[in-house]
Amino acid sequence: MAFPLVPMKLSDLFDRTFRLLGRTVGRSAIIALILLAPTALLFSFSLGSFFDSLVGLAQGPYDLEPPDMNQLGGMFGALALMGFTGVLFGIAQLGAYLGITYLGCAEFSGQSVTWEEALRKGVGLPLLRAIGVSLLMGLAFVALLILPYLLIIGGAVAKSSALGGIGILLMVGALGVVLFLAMRWNFTYQTIVFEESPVMNSFRRSWDLVEGNWWRVFGIMILFGLMVDFAISLLLTPLTFIVLWDFFSEYFKLLGDISSGESDPGAFLQVFKSMGPGLGFLIAADAILTTLIAPLYSVALYFDLRARRGEFNQATGHAETPAAPAPLA
Amino acid sequence: MNGSGPDIGSGAHGTFLNGTWERAGRSPGAAAIVILLAVGILYFNAQSILGAVAVLAFKPAGVGDLTAPFSEQMVDVLRKSADPLRAIVAFTQYMFLLVPAWLLVRRWHSRNVSTYVRLRRLPFLETVLAVLTTLAFIPAGTFIANELTRQINPPEWLEQINAVLFTARSDPEFLWLVFVVAFTPAVCEEIFFRGIVQRSLERVMGWKSVILVGFIFGLFHMQPLGLVSLSILGMLFGYFFFRSRSLLPSMAAHAANNLLAIALMYQMPTLEGIDLSSSDQIPLSWVLISAPIGIALLLTYHKVTEPIQQLPDDLKAVASAPTP
């Protein structure tokens with residue numbers, strides 16, 4: 001059953017989000033697992049290898065001699081593998097986000113789609129467009145932040161408090177602009193996946209949707225973000241203990257040794273090594289849980305903004321134009 | 001007699017469930033989750049910030065020897081700031097857990113909050129049985145938590161932190177601890193978890209809410225090693241609430257559980273050679289004797305309480321009403 005396509009109060013947004021979650025959680029979990037489980041496994045493995053190579057390097061019998069090039073090469077290889085699998089994991093996360101967003105949008109407007117259809121949306125052309133959007137957004141944000149950052153670094157190097165101060169002031173301003181843009185471009189993925197907008201049009205469309213509602217979008221995104229993070233942290237706290245059991249055992253042993261006056265530098269390395277792939281697993285679990293929920297409140301807000309712009313028939317609560325409008329040129 | 005007090009279904013929901021959330025036909029389950037998370041964020045942040053302020057404020061007076069090991073400094077700071085920290089625990093439970101949740105229920109569900117959360121009298125026997133059942137399960141819960149703690153082997157000073165905060169050294173201090181550790185959580189946490197969260201979830205998921213909220217109760221304590229025992233305790237309290245349709249048995253059981261812990265630490269810090277302030281394991285024989293007693297008491301509780309009545313039709317209609 002479709003949700004009424006009318007402007008919503010905050011309580012309605014909560015209600016719709018949880019109902020949407022209830023209706024889509026099974027299909028969303030399948031999409032998230034298909035895309036995220038293999039890439040998360042790779043990422044965890046490469047993270048473990050990187051930690052191992054770091055510890056191996058630190059434990060080597062080098063004294064004051066420079067480290068062996070083979071060992072260094074191994075470490076950089078592990079670092080490169082970690083970077084590659086990290087990017088792969090990020091792309092998979094974006095794909096899952098798009099698939100679940102499509103599922104949510106379809107459900108909201110009364111269409112029931114299968115997880116296969118939603119998955120296809122997550123890995124097809126929309127994913128390429130979403131990667132394009134992410135890269136452009138990232139470039140825009142870096143371009144805004146790079147100058148103040150360089151001024152702060154320059155100020156520190158030249159020991160010039162004036163330069164550093166200007167850099168800090170500019171950084172505060174730049175962060176404000178980044179925040180402003182991030183909210184205005186918050187609905188690019190929804191328009192890409194549900195309205196089939198091309199990259200540049202998705203920016204324009206999202207910009208228009210947020211017009212006049214910036215503070216509302218900002219407040220709601222912060223509120224939902226905090227609540228989702230809190231819920232996930234509640235779930236991950238015991239999971240962290242289970243997954244990193246060896247790490248905590250070593251850590252507590254180290255604490256006990258320090259308080260009794262016996263500190264062994266080797267014990268620190270052991271603590272570090274025992275983090276292993278557990279950390280990667282936790283990052284993956286966090287990503288999967290976030291991906292299950294985060295797209296849905298954005299979907300509810302996206303339909304709210306569209307209703308506020310009068311895109312649906314206010315009297316009947318149904319789409320005056322199709323809920324998914326024709327692709328923009 | 002259980003059903004004597006006014007409950008959710010005793011009148012037309014149009015007059016009793018008169019809050020904004022109810023009038024709009026929104027899901028009570030969504031309201032429960034929103035209250036849980038929003039109030040949870042408020043409570044944990046308030047407690048952390050005020051706690052940090054208290055520790056910092058009392059540090060200069062409390063710590064003279066900065067060359068002492070970190071562990072000793074830590075325990076010393078906590079000892080010096082124990083009273084402010086206890087006051088903050090009590091204050092935040094009332095101001096940041098109970099009050100916001102109460103106000104949200106009043107606005108969203110019903111102006112008659114005490115009826116909504118089922119604050120109503122019960123026969124004395126039911127409350128006593130709930131208390132005895134809880135006490136009988138304490139050795140089993142302690143055994144599980146201690147076994148996990150023993151496995152991970154935390155340093156002794158880390159274990160002392162709880163003991164420092166929750167061990168009285170005089171009778172007035174003991175009374176103060178009874179208020180902070182036994183009375184306050186029994187009132188605030190029971191109204192919050194059982195009276196509000198479980199109460200609202202019960203309307204959409206029935207008995208399963210006992211399991212879910214029990215687990216959430218365990219998670220909210222942020223003690224990974226105590227998660228299993230705290231969740232079991234939470235489910236036990238939830239069961240009392242669900243079965244009796246009153247908050248009193250779970251409040252009394254919660255208070256008794258916490259009271260026993262601080263009373264033993266005060267009167268008998270070592271019991272038959274076991275240091276209660278550490279994770280010294282209690283004998284398995286205690287568990288093997290007390291757990292069957294607990295199960296027998298639970299069965300008795302089940303027998304003496306009335307069968308659970310199904311939700312009245314008008315309430316079912318509210319719970320499953322489609323969104324307008």
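Residues numbered from 1 in each chain as written. Chains lettered and ligands numbered in written order. Predicted model: local features only at pLDDT ≥ 70, side-chain atom pairs only at ≥ 80, totals over all residues.

1. Thoughts on the overall build of chain A
This is how it is decided: Working definition: helices are DSSP H or I runs of at least four residues, strands are E runs of at least two. Numbering for both runs from the N terminus. Put simply, a residue is buried when 20 or more other C-beta atoms lie within 10 Å of its own C-beta and exposed when 12 or fewer do; between those, it is partly exposed, and each C-beta is set from the backbone. By the convention adopted here, residues are in contact when the distance between their C-beta atoms, placed from the backbone, does not exceed 7 Å.
Summing up its helical and strand segments, chain A has 11 helices and 2 strands in all. Listing the helices and strands of chain A from first to last along the sequence gives α-α-α-α-α-α-α-α-α-α-α-β-β. Buried positions account for 36% of the 329 residues belonging to chain A. The long-range share in chain A, meaning contacts at least 24 apart out of those at least 6 apart in sequence, stands at 75%.

2. What about the overall build of chain B?
On a plain count of helices and strands, chain B comes out with 14 helices and 2 strands. Out of the 324 residues belonging to chain B, those deemed buried represent 38%. For chain B, contacts bridging at least 24 residues in sequence account for 81% of all contacts bridging at least 6.

3. Here's the deal with the nonpolar core
Selection criterion: Note on definitions: a nonpolar core is a set of buried residues drawn from Ala, Val, Leu, Ile, Met, Phe, Trp, Tyr and Cys, linked by C-beta atoms within 7 Å.
Among the nonpolar cores identified, the biggest contains 129 residues, and A:Leu36, B:Ile35, B:Ala101, B:Phe192 and B:Val197 are the most heavily contacted of them. With residues up to four places along the chain from it excluded, the contact list for A:Leu36 reads A:Ala92, A:Gln93, A:Ala96, A:Ala284, A:Ala287, A:Ile288 and A:Thr291.

4. Notes on helix α8 (residues 214-243) of chain A
Keep this limit in mind: Given the number of residues in a helix, its expected span is that number minus one, multiplied by 1.5 Å.
The terminal C-alpha atoms of α8(A) lie 40 Å apart, and with 30 residues this matches the ideal 44 Å at 1.5 Å per residue to within 8%. Of the residues making up α8(A), those classed as buried are A:Val217, A:Phe224, A:Met227, A:Ala231, A:Thr240 and A:Val243.

5. Comments concerning the packing of helix α9 (residues 171-205) of chain B against helix α10 (residues 208-220) of chain B
All names here are of chain B. Operational definition: Only the stretch in contact is used when a helix axis is fitted, and all axes are lines through C-alpha atoms; the angle between N-to-C directions ranges over 0 to 180 degrees. Handedness of a crossing is defined here by the sense of rotation of the near helix relative to the far one, left-handed for an anticlockwise turn of less than a right angle and right-handed for a clockwise turn. In this count, Pro and Cys sit with the nonpolar residues alongside Ala, Val, Leu, Ile, Met, Phe, Trp and Tyr, while Asp, Glu, Lys and Arg are called charged and the others, Gly among them, polar.
Packing of α9 against α10 brings their axes to within 8 Å, and their N-to-C directions diverge by 140°. At the point where α9 passes α10, the crossing takes the right-handed sense. Counting all contacts with α9, which are made through Phe193, Val197, Gln198, Leu201, Glu202 and Met205, the residues of α10 involved are Lys208, Ser209, Val210, Leu212, Val213 and Phe217. The class makeup of the residues in the contact of α9 with α10 is 8 nonpolar, 2 polar and 2 charged.

6. Regarding unusual backbone geometry
A positive phi angle, close to 55°, is found at A:Glu196, a residue other than glycine. Tracing the chain through its elements places A:Glu196 in the loop between α6 (188-194) and α7 (199-210). One non-glycine residue with positive phi stands out, namely B:Arg118, at about 65°. Mapping B:Arg118 onto the fold places it in the loop between α6 (113-116) and α7 (124-152). A residue is classified by how many C-beta atoms lie within 10 Å of it, and B:Arg118, with 23 of them, is buried.

7. Here we look at the interface of chain A and chain B
At the junction of the two partners, chain A supplies 23 residues and chain B supplies 26 residues. Every element with two or more residues in the side of chain A that touches chain B is listed here: α1 (10-59), α8 and α9 (245-259) of chain A. Across the side of chain A that touches chain B, the residue classes tally to 15 nonpolar, 5 polar and 3 charged.

8. A closer look at the confidence of the model for chain B
Interpreting fine coordinate detail is not advised for predicted regions of low pLDDT. Residues and elements named next belong to chain B. Quick reminder of the rule: One confidence number per residue, pLDDT, is output by the predictor and ranges from 0 to 100.
Mean pLDDT over chain B: 83, with 82% of residues reaching 70 or higher. Averaged pLDDT values over the elements of chain B bottom out at 43 in helix α14 (residues 313-319) and peak at 95 in α10. Here residues 1-12 is modelled with pLDDT under 50, and outside its nearest four sequence neighbours on either side it reaches 20 contacts, counting other chains as well. Contacts for the low-pLDDT stretch residues 308-324, under 50 throughout, to residues beyond four places or in other chains number 30 contacts.

9. Considerations on the confidence of the model for chain A
Residues of chain A with pLDDT of at least 70 account for 88%, and the chain-wide mean is 86. Below a pLDDT of 50 lies the segment residues 325-329 of chain A, which in the model reaches 7 contacts outside its immediate sequence neighbourhood of four places, other chains included.

10. Some words on the packing of α10(B) against helix α11 (residues 227-244) of chain B
All names here are of chain B. Basically, it comes down to this: Just so you know how the angles are binned, under 35 degrees is roughly parallel, over 145 roughly antiparallel, 65 to 115 roughly perpendicular, and the rest oblique.
At a minimum axis distance of 7 Å, the contact between α10 and α11 shows a crossing angle of 140°. When the interaxial angle is binned, α10 and α11 end up oblique. Seen from above, α10 lies across α11 with right-handed handedness. Contact residues: α10 offers Val210, Ile211, Val213, Gly214, Phe215, Phe217, Gly218 and Leu219, while α11 offers Leu227, Leu230, Ser231, Gly234, Met235, Gly238, Tyr239 and Phe242. Of the residues belonging to the contact of α10 with α11, the class tally is 11 nonpolar, 5 polar and no charged.

11. Side note on the environment of B:Trp21
Note that B:Trp21 resides in helix α2 (residues 20-23). Between the C-alpha atom of B:Trp21 and that of B:Leu104, which follows or precedes it by 83 residues, the distance is 9.8 Å. Not counting the four nearest positions on each side in its chain, B:Trp21 is found in contact with A:Ser11, B:Arg26, B:Ala31, B:Trp108 and B:His109.

12. Things to note about the environment of A:Ser249
For A:Ser249, the location among the structural elements is in helix α9. What makes A:Ser249 partly exposed here is the crowd of 16 C-beta atoms within 10 Å. When the C-alpha positions of A:Ser249 and A:Ser28 are compared, they lie 36 Å apart, and in sequence the two are 221 residues distant. For A:Ser249, the residues in contact, after removing those within four places along its chain, are B:Ile152 and B:Asn153.

13. Digging into α10(B)
Residues and elements named next belong to chain B. When the terminal C-alpha atoms of α10 are compared, their 18 Å separation across 13 residues agrees well with the 18 Å that a helix rising 1.5 Å per residue should span. All of the buried residues along α10 are Ser209, Val210, Val213, Gly214, Ile216, Phe217, Gly218, Leu219 and Phe220. Methionine 222 lies just past α10 and shows a positive phi near 50°.

14. Describing the environment of B:Ile144
Residue and element names in this part refer to chain B. On the secondary structure map, isoleucine 144 appears in helix α7. Take isoleucine 144: there are 18 C-beta atoms within 10 Å of it, and that puts it in the partly exposed class. Residues isoleucine 144 and isoleucine 216, spaced 72 residues apart in sequence, show a C-alpha to C-alpha distance of 18 Å. The residues contacting isoleucine 144, other than those within four sequence positions of it, are Val228 and Ser229.

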